[in-house]
Amino acid sequence: MKRADRIVHRAFALLLALSMVLLLAACHRGDDAPSKTKEDTRKPAGVAADTDIILPYSREEGVNPFTGTSLMNEAIMPLIYDGLYTIDEHYEPTMALAENVTVNGTTLMLTMNSERRFRDGSIISADDVVYSFERAKASAYYGTLLNGIAEATAGGTSTVNFTLEKPNKYIAANLVFPVVKAGTADSADSIPVGSGRYIYEQYDAGGVLKKSDQYSEKFKAEQIFLINIPDEETLFNSLYIESVNAAVDDISDGELQRITVQTTDLPLNNLLYVGIKENGALADASVRQAMNAILDRKTIVQSCLSDYGVASDIPLNPDWYGLEGIKTQSMDRGKARELLAEQLRDQPIKIVSMTGNANKEQIAFELQRELVAVGLQCEVELLEPAVYRSAVKSGLYDLYVGEVRLTNDMDITSVLNDKQLESSWASVLRGSSTGEAFMKAFYKQMPFLTIGFRTGVLAYSKNLETEVKPIPGNPYGNVFEWKMG
């Protein structure tokens, strides 16, 4: 069969299969369920031989990296736009658009790589970086990442000066925001000019990513088709019938999609922890240390997170390159059980967690089970999100199940809630102290209990022959090497 005939045949078959899936779903929901139009899911013209790679995205949301909100579109942004740095699987930064960096206290001076260009051939200037930084800092996705940087100013055509909120030797890992040409990302429907491996073009009902001439190396996937997917339910249906070849899910709602294809863990930097009330029954540090010792983190990750996580008893990502020399500490488990039984015998413990998230609900009940096994009185209170946040803010708990997304530099200041520990961590960032010294101080105070770090899932087609290697912040990290069978 000729390629053109094969394209038509496969496209027709996939469209027919997807239409049947959507029709059955609509019948199941009832006559009032909104219907999906053919325009929502049809492939761009010219797709898709068995060897073509197809990824999902929302065309309506667009490819402006500073205004997007969906995980589908966030996943393709690193393919279109480069940052000043990239990070690897250990969150270690490597220069991309940057060529040289000098740090002096709270001033970081960065010189641009003079050989790099935007897709239109123009030079990437300091003004472009400042423009991009200001939009990234105001965005929902990159804003938290850049909280540690007060401002950016151009110091010339190719030099940018960043003013840091505090000295931070790891700050370069946060300089991964997309750099676009000034003036090209002013509205949500803009298609900014970037310098990534691929160039985005709208194409029929979807889009296409074409290899940029700025990259000289050979790609196995020199073009990638994008199909417009209206919602997450349709996304995984599309993956099942192979109208897309990959999909990502951060499992943020605690609900894991039924997936029948190949999967790998999607690295996230989401710290799961148990918050502890500063006063009351758990005010004694030795009691908190005992709780830390009896916490069965592996069971929590396996049973409550369906193994989508990494158990850890330190509040820093276990994959982080900066962990060298940091050792864990723990009280003897038997001694910990005796201490808790003695100190908290007649003091009921209230655990607060949030409804609407299966993971956090299950963690609360698993924690209750462990404490009851020691002989303690313990109750779980599940609260609506707004009520939960109010209860945590007001201290209406003994323990609560919490989660925070750490930045690439692992700055955990926001969850320490202790001036001495904040000072100790600041010394680590400044380079005047070690991570080991901080962990000794952390264990002595034990302001919260670390459960571990949650992961998401990258699901992909069974016909994909290449090993899939997602990178933090870049799920399709090696997509240019992908080859379909």
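Just so we're clear, the structure is a prediction, and the values are computed from it rather than from any experiment.

Caption draft 1: Broad picture of the overall build of the chain. Along the chain, the regular secondary structure elements total 13 helices and 17 strands. When burial is assessed residue by residue, the chain has 52% of its 485 residues classed as buried. If you take every contact in the chain between residues at least 6 apart in sequence, the share linking residues at least 24 apart comes to 69%. On the chain, roughly 21700 Å² of surface is accessible, and the fraction owed to carbon and sulfur atoms is 47%.

Caption draft 2: Fine view of the pattern of salt bridges. Taken as a whole and judged by the stated rule, the model has 10 salt bridges. Here Arg116 makes a salt bridge to Asp82, at a shortest N to O gap of 2.6 Å. Of this pair, Arg116 sits in the loop between β5 (107-112) and α4 (126-137) while Asp82 is found in the loop between α3 (71-80) and β2 (85-87), placing the two residues 34 residues apart along the sequence. Given the relative accessible area of 16%, Arg116 is considered buried. A relative accessible area of 10% places Asp82 in the buried class. For the salt bridge of Arg454 with Glu403, the shortest nitrogen-to-oxygen distance reads 2.9 Å. You can see Arg454 sitting in strand β17 (residues 448-460) and its partner Glu403 sitting in strand β16 (residues 399-405), a full 51 residues away along the chain.

Caption draft 3: Fine view of the packing of helix α6 (residues 285-294) against helix α8 (residues 333-343). Where α6 meets α8, the closest approach of the two axes is 8 Å, and the angle between their N-to-C directions is 130 degrees. Relative to α8, the element α6 lies oblique. Of the two possible hands of crossing, α6 and α8 adopt the one that is left-handed. Residues Ser286, Val287, Ala290, Met291, Ala293 and Ile294 of α6 form the contact with α8, whose own contacting residues are Arg333, Ala336, Arg337, Leu339, Leu340 and Gln343. Tallied by class, the residues present in the contact of α6 with α8 amount to 8 nonpolar, 2 polar and 2 charged.

Caption draft 4: The arrangement of the pairing of strand β8 (residues 198-203) in detail. As judged from the 6 bridges shared by β8 and strand β9 (residues 206-211), these two strands associate in the antiparallel manner. By the bridge assignment, Tyr203 is partnered in β9 with Gly206. Linking β8 back to β9 in an antiparallel pair, the connection comprises 2 residues, with Asp204 at a positive phi of about 55 degrees.

Caption draft 5: Region of the structure containing the environment of Val63. Structurally, Val63 is set in the loop between β1 (53-57) and α3. Each C-alpha atom, one on Val63 and one on Ala188, is 8.2 Å from the other, the two residues being 125 residues apart in sequence. In this structure, Val63 is in contact with Tyr57, Ile76, Met77, Ile80, Tyr81, Ser190, Ile191, Pro192 and Tyr200, ignoring residues within four places of it in sequence.

Caption draft 6: Focus on the sheet that holds strand β10 (residues 223-228). Pairing in this open sheet of 4 strands is mixed, and the strands run β1-β10-β9-β8 from one edge to the other. At either margin of the open sheet sits one strand with a lone partner, and together these are β1 and β8. Strand after strand, the sheet turns through a mean of 25 degrees between neighbouring axes, direction not considered. In this structure, β9 lies alongside β10, joined through 4 bridges in antiparallel fashion. Note on β10: the bridge partner recorded for Val208 is Phe225. Packed onto the sheet, α3 meets β1, β8, β9 and β10 and runs at close to 125 degrees relative to β1.

Caption draft 7: Representation of the pairing of β17 in the model. The element β17 is extensively covered by neighbouring structure, given that 13 of its 13 residues are classed as buried. Pairing of strand β11 (residues 246-249) with β17 involves 4 bridges; the strand directions are antiparallel. Paired with Val248 across the two strands is Leu458, which belongs to β17. Here 11 bridges tie strand β12 (residues 262-276) to β17, and the two strands are oriented antiparallel to one another. Paired with Leu271 across the bridge in β17 is Phe453. For strand β13 (residues 309-311) and β17, the ladder comprises 3 bridges, and the chain directions are antiparallel. Bridge pairing in β17 links Gly309 to Arg454.

Caption draft 8: Examining the environment of Leu55 more closely. Relative to the elements of secondary structure, Leu55 occurs in strand β1. The exposure class assigned to Leu55 is buried, which follows from its relative accessible area of 0%. Here the alpha-carbon distance between Leu55 and Tyr476, two residues 421 residues apart in the chain, equals 9.6 Å. Setting aside residues no more than four positions away along its own chain, Leu55 makes contact with Ile76, Leu79, Ile224, Phe225, Leu226, Ile227, Val244, Ala246, Tyr476, Val479 and Trp482.

Caption draft 9: Seen up close, the sheet that holds strand β7 (residues 159-164). As summarised here, the arrangement of the 4 strands in space is β4-β5-β7-β6, forming an open sheet in which the pairing is antiparallel. Strand pairing shows two members of the sheet lacking a second neighbour, β4 (98-104) and β6 (149-154), which therefore form its edges. The mean angle between the axes of side-by-side strands here comes to 20 degrees, regardless of whether they run parallel or antiparallel. Each of β5, β6 and β7 touches α4; the most contacted strand, β6, lies at about 155 degrees to it.

Caption draft 10: Geometry of helix α5 (residues 232-240). Along α5, the residues classified as buried are Thr234, Leu235, Phe236, Ser238 and Leu239. Looking one or two places after α5, you find Glu242, whose phi comes out positive at around 65 degrees.

Caption draft 11: Representation of the packing of α6 against helix α13 (residues 435-445) in the model. Running from N to C, α6 and α13 cross one another at 105 degrees; their axes reach a closest spacing of 7 Å. As the angle between them shows, α6 and α13 are arranged roughly perpendicular. Residues Ala285, Arg288, Gln289 and Asn292 of α6 lie in contact with α13, whose contacting residues are Tyr443, Lys444 and Gln445. Looking at side-chain class alone, the contact of α6 with α13 contains 2 nonpolar, 3 polar and 2 charged residues.

What counts and what doesn't
Residues numbered from 1 in each chain as written. Predicted model: local features only at pLDDT ≥ 70, side-chain atom pairs only at ≥ 80, totals over all residues. Heavy atoms only, no water. Helix = DSSP H or I, 4+ residues; strand = E, 2+ residues; numbered from the N terminus. Buried < 20%, exposed > 50% of the residue type's maximum accessible area, 1.4 Å probe, protein only. Contact = heavy atoms within 4.5 Å. Areas by Shrake-Rupley, 256 points an atom, 1.4 Å probe, with all protein chains shown as cover. Salt bridge = Lys/Arg side-chain N within 4 Å of Asp/Glu carboxyl O. Axes fitted to C-alpha atoms, helices over the stretch in contact; angles between N-to-C directions. Parallel < 35°, antiparallel > 145°, perpendicular 65-115°, else oblique. Left-handed = near helix turned anticlockwise from the far one by under 90°. Nonpolar A, V, L, I, M, F, W, Y, C, P; charged D, E, K, R; others polar. Pairing = 2+ DSSP bridges.

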